[in-house]
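# Understanding the architecture of this molecule
Each chain is listed here by its residues.
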Amino acid sequence: MKKYHHKIPKVNTLPSTACRVVQHAVGETCVPNNPQRIVTLLHPILGYTLTLDVKPVGSNIRSMEQSIGNYLNVQSYLGNKTEGIAVTGIEESPNLERILQLKPDLIFATDANNQVYPLLSKIAPVVTVPSEDAVFNWKEVFHFITQVLGKEEKAQQALNHYYQRIEELKISLGDRYQNQTVSISGGAGINTLYAFTSKNTFSGSILSDLGLQQPETQNIVTPYGVIYNISEERLELFDGDVLFFLAFGKEGKASFERLRQRPLWKTLKAVQKGQVYPVNGYTWTGANILAADAVIDDLYKYLVNTP
């Protein structure tokens, strides 16, 4: 099976009077030494910048659902951190006019924006990250973004906090899940079901850091770490001793409620054990340290504090 790996871009440390040369997925860009007006076109990068106490002036949203109501309101782990950030389109379709109006001095993009890269480059310096890397090499991409912004000390503090929480949670878990599997699955609509793999996903990496195992059916590598379009007849791909159901918005919650009425649902081990926990899908696929903190909160809630 094909493995999905990309070379993580790097920052050229050669000094420059006004900017530094950054090698990235598309080429080279001279990035201002202290950018003040950043636009992010990929949701994990928004989380990275906010972790570093750098607030973008604009950011893309992940889906049309997030354009309704408060900006990024479905990504509750961000709280009020996004207040005042302008919406600049959907991830794959940035609004160039809106971005131009914001007068950015740096744009973080993804390879999904390659077609408009030349136009974005006329607005401001652009640094591009492969979108798959942002999903399953999230720590490496965070390190890269940190280098671009010159925020290494703040980033190390955030990583130290993450690993400290991981170690504390390991102690709290003890060996109670040593011989159990934890399934990460979910839905974004009535007929749209997914399972998330342990090999190359954000949430899978957190379980791995904790020493928790996913089922063998999820112990594979897939594009973006997702097994797509699972039918209700193949719910065995969901099965594990524990099941976290990632619900994406209202449609995801409706999908969960519908599945609970299906006969095959009742055959799942996690259902029979009473260990099925619906969680926020946007949080569990957030692919940044702020989202990781919220996932750890969920793991405490359901694996430690739930009787």
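Please refer to the structure placed before this passage.
To keep things clear, this report deals only with the structure shown in the data block. Here the structure is a predicted model, which means the values were calculated and not measured. Think of each chain on its own: its residues are numbered from 1, step by step along the sequence as written. Only residues with pLDDT of 70 or above have their local features reported here, since the model is predicted, and side-chain atom pairs are shown and tallied only from 80 upward, although totals for entire chains, interfaces and linings are computed over all residues. Water and hydrogen atoms were dropped before computing side-chain values, which therefore reflect all heavy atoms in the structure.

For the rest of this paragraph, the subject is the overall build of the protein. Helix and strand labels come from DSSP, where a helix needs a run of H or I of at least four residues and a strand needs a run of E of at least two; each type is numbered from the N terminus. Looking only at helices and strands, the protein features 11 helices and 14 strands. A 1.4 Å probe rolled over the protein chains alone gives each residue an accessible area, and that area as a share of the maximum for its type sets the label: buried under 20%, exposed over 50%, partly exposed in between. Expressed as a percentage of its 307 residues, the buried residues of the protein come to 54%. Considering only intrachain contacts with a sequence separation of at least 6, the fraction spanning at least 24 residues in the protein is 68%. Accessible surface is estimated by sampling points in the Shrake-Rupley manner with a 1.4 Å probe; for residues, cover comes only from the protein chains shown. Accessible surface, the protein: about 14300 Å² in total, of which carbon and sulfur atoms supply 50%. Note on contacts: a residue pair qualifies if any of its non-hydrogen atoms lie within 4.5 Å across the two residues.

Turning next to the environment of Lys253. Mapped onto the elements, Lys253 comes out in helix H8 (residues 249-259). Spatially, the C-alpha atoms of Lys253 and Asn280 are 9.3 Å apart, while their sequence positions differ by 27 residues.

Right, let's get into unusual backbone geometry. At Asp53, a residue that is not glycine, the phi angle is positive and equals roughly 60°. As for its placement among the helices and strands, Asp53 is situated in the loop between helix H1 (43-51) and strand E5 (58-61). Unlike most non-glycine residues, Lys103 shows phi in positive territory, near 50°. Summarising the element assignment, Lys103 is placed in the loop between helix H2 (96-102) and strand E8 (106-110).

Looking now at the sheet that holds E8. Reading across from one edge, E7-E6-E5-E4-E8-E9 is the order of the 6 strands in this open sheet, with mixed pairing throughout. The open sheet terminates on both sides in strands that have one partner only, identified here as strand E7 (93-94) and strand E9 (126-129). DSSP-based pairing: two strands are paired if at least 2 bridges between them are found. Judged from the 2 bridges that link them, strand E6 (residues 86-90) and E7 form a sheet pairing that is antiparallel. Counterpart to Ile90 in the pairing with E7 is Ser93. Under this scheme, a helix contributes an axis fitted over its contacting stretch, all axes are lines through C-alpha atoms, and angles between N-to-C directions fall in the 0 to 180 degree range. Relative to the sheet, H1 contacts strand E4 (38-40), E5, E8 and E9, its axis offset from that of E4 by approximately 140°. Most of the contacts of helix H5 (residues 138-149) go to E8, to which it runs at about 160°, and overall it touches E4, E8 and E9.

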